[in-house]
Every structure is written in structure tokens, then in C-alpha cells.
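Breakdown of the fold
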Amino acid sequence: MRNDFSSKTIQSPIVVVVMDDESDQFLGETYPYSYASHHRLMTRLIQDDPALINYFVSLLEPDSEVEQRYQIEFHDSLSKFSPSGQKFRFGTEIDNLGEQIPPESSRDLGYNLGQIYKDQMIFSKDEVVRRAILNISGEDSIHLWSAKKYREISNRPPIDATAYKGVKYVSDADANFAMFKYSENPFNSKLQVIPFHRVVVGNFPKGYFKNKIVLVGPQYIANMNDFVLTPYDKENASTSKLNLHAQIIEALINEKTILDIKEIYTQIAAVLLALILSFIISRVQPVKGLIITILMIFGLLLVSYGLFVGLGWWIRLSHMVLSIFVVYYIWVPFRAIEEYQTRYAIQEEAKLVKQVDNLKQNFISLMSHDLKTPVAKISGIADILKIKFNNNPEQVELLDNVMTSTQELNDFINSILDLTKIESQNLTLRKESKDINKIIENIVNKLEFQVSSKQMILESDLSPLYPIQVDTVLMNRVISNLIENAIKYAGKGKKILVKTWDDPDWVYVEVRDNGLGIGPEDLAHIFDKFYRVKNDSTHAIKGSGLGLYLVKYFIELHHGVITATSTLGEGTSFIIKLKNE
């Protein structure tokens, strides 16, 4: 009720005229003042043409002829201003003796109940005013009367007491009540307030009261009956009744009453929220469950506040917030246990996978090492047979095939060993300052025989380069693999170009051929482990499918990059980028 920002932008149509100690001293009178002072006040007010006047003053019967004459003049001026009681009303209260109605001579001007509480008893247990009386026994309160009249003057349809949202009928009091929203803090109110004596002497700007609702009444600091408790000051009664009358009238004019949502609906909403949160928490991790729970609570608070500000719906949040906390504290332990079990199972599975992987790596390493010895023996025996004996052409061809096959097998074993080192993270770089062009020249010289045997052309276009930090052994393998692949797959009579250049950040090595090329579907996977391009032209070419995988790994180990581009029927290009440092 304290924080309805939507009402702060609405300008109040009410002006309060207060009777206080300052006016007493200025006029030399005491409350409720003489009829002469009231007549002068009313004359000034009527001249400024207010919309309505509410008089919360307990006037007395005149006790002298002078007072009686001024009372008649006071009455006549009001009768002209408010014929048939259309613009003026006395506001009355109820005490132990009943309703304090105006003097008999002034009753025809009209009066309505201006009660803050339903009687002299406090309406709420903490004595804080949150409700407004709309009518009693079918008679509108002065607040509802003023709101209706002002809405009529403002060309807005009047609202009946039972039409306000949140209105409740109390049979014991035979009255309709409604909770209302404060437009601002009454203690720091921007409400227009002017002392009684200033109006009497005309010390106010012209038009100050024009088309306004004017409330006139007492506001004496020494009189606690002139002050009440509000949601802004629940311990010290610092808000005057006049200010509170203004708040109630303004709330009724702008339909700022509150609908108290029935508890059954909040209980149903609490059950639904509990079910939704249970479903969510049962399917997410505990940390996410906590975040969702907090967001749900904040979301609930924001939604409820938005409904209060926008529609005036007051939703009790205790059931819903409590249900959210209960669901969270019930579900989270179970979810945590389930999460722990899942994590434990994953850890155990990871341990088992690691053990199996270690066994696999050990097996491959042992097998590879054990295979290298017999392969070397076979190659050596074939070489001896070829050199020491006079073999016929057919025997020489067979020995060459044996030596070629053992070399292919040896290359495959080396690739498997490298893969084992990579997967076991045992591969380390031994960097040294080296000119890449020197490495390429040595490789080209070694491969001249293979190139000439396939009637191919291998050209080099090597720009001058500064030495860079590389592992010479690995870089030899990288460039050799790329050139050998070009020799194997480009095709007979094709051309291979090895080119180098640099810029301030990178050294570039390109191996390009004008061979058969690689299709897009294969190009995306050529650096994958054990992947080989399968087509009619490459079916007979031997290979392990590890060469390019290892090439990419070795380059990335140098913090470099390798890319491949290819067009079917036009050739393939591999470009290596190495840090120029």
C-alpha cells in the first residue's frame, strides 16, 4: 500500500485548509472559532470558485446575537454556493454518544459521515488506517460523496459503493468498506496545505482553490485526536486526519482501492507452484535448482507487485513463498543424492575407461616395438639376398616388393608409436632455430627418385626466410608427409610445387599439386584419425590414415595452423602457418 508508484504521477485535486495554533494566535480565537471568522473564510473560498467544500469542523450553536447574525450570513453564503447541497458537506464523526451532527441551523446544508474508523473503536488491531468507509446504512460517506461529485464535475461516471473492487460489506456495522492505496507518504506529502487565517485575510494566489476540493478542519499538534497511524508511521501518529481524508477521497476518485484475493486462490497457486518447482528440480542439477528457486521467488514478488500497482490486486504471498521453500528443501537432498550417485558412477566409469585406455596404449606400444625388430630383420635379409646373390629379374622384383612392403609396415608402426605418444601425452618438442627452407631442400633432394619414377615435376619456390624455432624431426615428418602424399595421390606426370613466404607474424609453407583433387565430403575429414579417401584411383594406394592426423597435431603443437583446399580435377593445396619467432 505504501509503494504505489502509479499514483505519484496523478496531480491531487485537493487543497487542505488547517485550523492550528498559528491561526489561533493570528485570529485571537480558539477552536472552533467564531461564525464571523468562518463567514469571512467562506466568502474568500466561494470567490475563488472551488469545486467542492468539505467542512470537518464541529461548529457550536451561536451564543450571542452577533454570532447568530454571522451564522445566518455563513449559512446564506453557503446556500447560494451550494443550492440543494450539491457542493458543500459537513463531515461528521461517531463517538460514544452517537454521530456528532452540525448545529440545527446548519443541518440543511448537508452532512455525511467523515469517519476514519467504523466507530470510536479502532478498526484494525494495530490501529493503522488501511480501509475507507464507503457508506453506512445506505448513506454515502463524505469521502464517497466527494468522489462521486468530483467525478461528475470531471465528466467521469460516478461509482456506486458496491462497484469498487475489493469492497466488503460488514453486517455488524451495516457498512461497506474497501482498502485503499496511499498515493504518497502523508507525512512528507506534497498536498497543498494553507492555514485558516491566511484564507480569512485573502493571503493566497487568485485561482488557488479554483475547481479544487477544499477540506477545512483542525490540525493541532497537541490534540492527538487530530492525528492517526498509517502504514508509513505505525508507531507515532504523525499524519493528520485532514491529510488522510484527502488520501481517501483521492483514492476513491481514481479508483485506487484494493481487491483482497481470496485465500483459497493463493492456496491453489501455492500447490501449482509446488508441483511446477518439483518437476523442474527433479530434472536439473541442484545448483540450477537453487537458481530457479530464487528466480521463482523474485518473479513471484515482481508479479504480485505488478498486479497490485496495475490492477489493485492484493495477493497474500506467504502460502506461495512457503510452498516454494518447502519443495526446495524436500527435493534438493534427494536430488543431491541422485546427483552424487550419478557423479560417482561417472567417476568409476572414467577410472575404468582410463585403465582400459592405459592397457590399450601399453599393448600397442609393446606390439609396435616388438614388430619393429622382425620387420628390420626381414628388410635386412631381403637386402642381403639382393646384393650377394645373382638373382634373375623375377627374383629381384620379388625382393624389391619385400623391401617396399617392410618399409610401408615400418612407416605404419612408426605412426602407431607416434599416436601412442600423443594419446599418452608423452610427446614433447625439442625446438631449435632452423631455416625451414633448408629442411624443405633436404626433403626434396631425398624424394627426387620417387618423383622421377612417376614422371612428375617437383618445383620449389622458396623465399628467403629467417630461422624460426621448430622441432626439426617433427617438421621433417610434416613436410615429407605432405610431399609424399602429393606424389602418391596426384597421379602420374603431374606437377608439385613447394612454396614458402613470410610476413611479420607468420612463416608460410604451401604444398600444392594439380592432381585429382579431393571432394568436399572427404575434405572435411582428411585430418581425422584413420580416415582415408576412398575412390577408384586411391584404392590401390597403401596408407594408415594417420599421416595427416599426425601432421595437424605436430603443427598445432608448434602453435601453428594447417589448412587444406581442393577442387576435384584441379588439385589440392596444403598451407602451413608457423609462428615467425
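Residues numbered from 1 in each chain as written. Predicted model: local features only at pLDDT ≥ 70, side-chain atom pairs only at ≥ 80, totals over all residues. Heavy atoms only, no water.

1. As for the overall build of the chain
Secondary structure summary: the chain contains 15 helices and 23 strands in total. Expressed as lengths along the three principal axes of its C-alpha atoms, the size of the chain is roughly 160 × 55 × 40 Å. Taking all 581 residues of the chain together, 44% fall into the buried category. Pairs at least 24 apart in sequence give 72% of the contacts found in the chain among residues at least 6 apart. For the chain, the accessible surface area stands at approximately 31900 Å², while carbon and sulfur atoms represent 56% of it. Here the chain contributes 62 positive and 70 negative side-chain charges, whose respective centroids are spaced 6 Å apart. (Helix = DSSP H or I, 4+ residues; strand = E, 2+ residues; numbered from the N terminus. Buried < 20%, exposed > 50% of the residue type's maximum accessible area, 1.4 Å probe, protein only. Contact = heavy atoms within 4.5 Å. Areas by Shrake-Rupley, 256 points an atom, 1.4 Å probe, with all protein chains shown as cover. Lys, Arg positive; Asp, Glu negative; His and termini not counted. Charge placed at Lys NZ, Arg CZ, Asp CG, Glu CD.)

2. Focus: the packing of helix α13 (residues 472-490) against helix α15 (residues 547-557)
When two helices pack together, their arrangement is given by the angle between the helix axes and by the axis-to-axis distance. Where α13 meets α15, the closest approach of the two axes is 10 Å, and the angle between their N-to-C directions is 140°. As α13 runs across α15, the sense of the crossing is left-handed. Together, L474, M475, R477, V478, N481, L482 and N485 of α13 and G547, L548, L550, V551, F554, I555 and L557 of α15 make up the contact between the two elements. (Axes fitted to C-alpha atoms, helices over the stretch in contact; angles between N-to-C directions. Left-handed = near helix turned anticlockwise from the far one by under 90°.)

3. Some points on the sheet that holds strand β6 (residues 111-113)
Strand order in the open sheet formed by 6 strands is β6-β3-β2-β12-β1-β11, with parallel pairing between adjacent strands. The open sheet has two free edges, formed respectively by β6 and β11 (192-195), since each of these has just one partner strand. Strand-to-strand, the axes of this sheet are offset by a mean angle of 25°, without reference to chain direction. Pairing between strand β3 (residues 88-92) and β6: 3 bridges, direction parallel. Directly across from G91, in β6, lies its bridge partner N112. With respect to the sheet, helix α2 (residues 35-47) is in contact with β1 (14-19), β2 (52-55), β3 and β12 (213-218), its orientation differing from that of β2 by roughly 160°. Packing against the sheet, helix α4 (residues 142-153) makes contact with β2, β3, β6 and β12, and its axis sits at approximately 170° to β2. (Pairing = 2+ DSSP bridges.)

4. Description of the pattern of salt bridges
Using the criterion set out here, one finds 11 salt bridges in the structure. A salt bridge links R512 to E510, with the nearest nitrogen and oxygen atoms 3.0 Å apart. By relative accessible area, which is 8% here, E510 ends up buried. Connected through salt bridges with shared partners, the residues K168, D260 and R316 form a single ionic network. (Salt bridge = Lys/Arg side-chain N within 4 Å of Asp/Glu carboxyl O.)

5. Details of the packing of aromatic side chains
Evaluation of the coordinates by the stated rule reveals 15 aromatic pairs. On the basis of an interplanar angle of 75° and a centroid distance of 6.1 Å, the ring pair of Y31 and Y220 is categorised as edge-to-face. Of this pair, Y31 sits in the loop between α1 (21-27) and α2 while Y220 sits in the loop between β12 and β13 (227-228), and the two are 189 residues apart along the sequence. A residue is classified by how much of its surface remains accessible, and Y31, at 29% relative accessible area, is partly exposed. On the basis of relative accessible area, Y220 is assigned to the buried category, the value being 10%. Where Y182 meets Y232, the ring centres are 5.9 Å apart and the plane angle is 70°; that geometry is what we call edge-to-face. Remark: Y232 occurs in the loop between β13 and β14 (239-240) and Y182 occurs in the loop between β10 (175-180) and β11; sequence separation between them is 50 residues. By relative accessible area, which is 0% here, Y182 ends up buried. Members of the aromatic cluster, connected to one another through ring pairs, are Y35, Y55, F74, F88 and F90. The aromatic ring of Y70 is capped on one face by R69, whose charged end is 4.9 Å from the ring centroid. (Phe/Tyr/Trp six-rings, centres within 6.5 Å; stacked < 30°, edge-to-face > 60°. Lys NZ or Arg CZ within 6 Å of the ring centre and 35° of its normal.)

6. Notes on the sheet that holds strand β20 (residues 495-502)
Backbone hydrogen bonds are what pair the strands of a sheet, in a parallel or an antiparallel way. If you walk across this open sheet you meet the 5 strands as β18-β20-β21-β23-β22, and the pairing is mixed. Both outer strands of the open sheet, β18 (457-462) and β22 (561-567), are each paired with one neighbouring strand and no more. Pairs of neighbouring strands in the sheet enclose a mean axial angle of 10°, with direction left out of account. In this sheet, strand β23 (residues 571-579) lies alongside β22 in antiparallel orientation, the contact comprising 7 bridges. Within β23, the residue paired with S566 across the bridge is T572. Here helix α11 (residues 436-446) sits on the sheet and contacts β18, β20, β21 (506-513) and β23; the angle it forms with β18, its principal contact strand, is near 170°.

7. Quick look at a nonpolar patch on the surface
Taken together, the side chains of I264, Y265, I268, V271, L272, L275 and I276 present a nonpolar region at the surface, about 700 Å² in accessible area. L275 gets classed as exposed once you look at its relative accessible area, which sits at 55%. (Patch = residues over 30% accessible without salt bridge, like charges linked within 9 Å, V, L, I, M, F, W, Y side chains within 5 Å.)

8. What to know about helix α3 (residues 65-81)
Given a rise of 1.5 Å per residue, 17 residues ought to cover 24 Å, and the 24 Å separating the end C-alpha atoms of α3 matches this to within 8%. Buried residues along α3 sit against α2, β2 and β3. (Expected span 1.5 Å × (residues − 1).)

9. Quick notes on the pairing of β12
The element β12 is extensively covered by neighbouring structure, given that 6 of its 6 residues are classed as buried. In this structure, β1 lies alongside β12, joined through 6 bridges in parallel fashion. Looking at the pairing, V16 lines up with L215 of β12. Examined bridge by bridge, β2 and β12 share 4 bridges and lie parallel to one another. Counted as the bridge partner of L52 is I213 from β12.

10. Structural notes on the pairing of β22
The alternating pattern of β22 places I562, A564 and S566 on a buried face and V561, T563, T565 and T567 on a face that is not buried. The turn linking β22 back onto β23 is made up of 3 residues, and G569 within it adopts a positive phi angle of 85°.

11. Structural notes on the side chain of T257
If you trace the backbone, T257 turns up in strand β15 (residues 257-260). We classify T257 as buried; its relative accessible area is 1%. At 3.0 Å, the side chain of T257 and the backbone oxygen of K165 are in polar contact. Ignoring sequence-local partners within four residues, the contact set of T257 consists of Y164, K165, A178, M179, F180, L252 and G312. (Polar contact = N/O pair within 3.5 Å; in protein donor to acceptor, adjacent residues only side chain to side chain.)

12. A word on the nonpolar core
The biggest cluster of nonpolar side chains holds 43 residues, and the ones touching the most others in it are I436, M475, L482 and I483. Counting residues per element, the ones that place at least two in this core are α11, β19 (468-471), α13, β20, β21, α15, β22 and β23. The element best represented in this core is α13, accounting for 9 residues. Membership of the second largest hydrophobic core comes to 34 residues, among which are A51, I159, I213 and L252. (Core = buried A, V, L, I, M, F, W, Y, C linked by side-chain atoms within 4.5 Å.)

13. Some points on unusual backbone geometry
That bond from Y31 to P32 is cis: its omega, 10°, falls within 30 degrees of zero. Tracing the sequence through the fold places P32 in the loop between α1 and α2. Phi angles above zero are rare outside glycine, and S84 is one such case at about 60°. Inspection of the secondary structure puts S84 in the loop between α3 and β3. The phi torsion at N211 lies on the positive side, around 60°, for a residue other than glycine.

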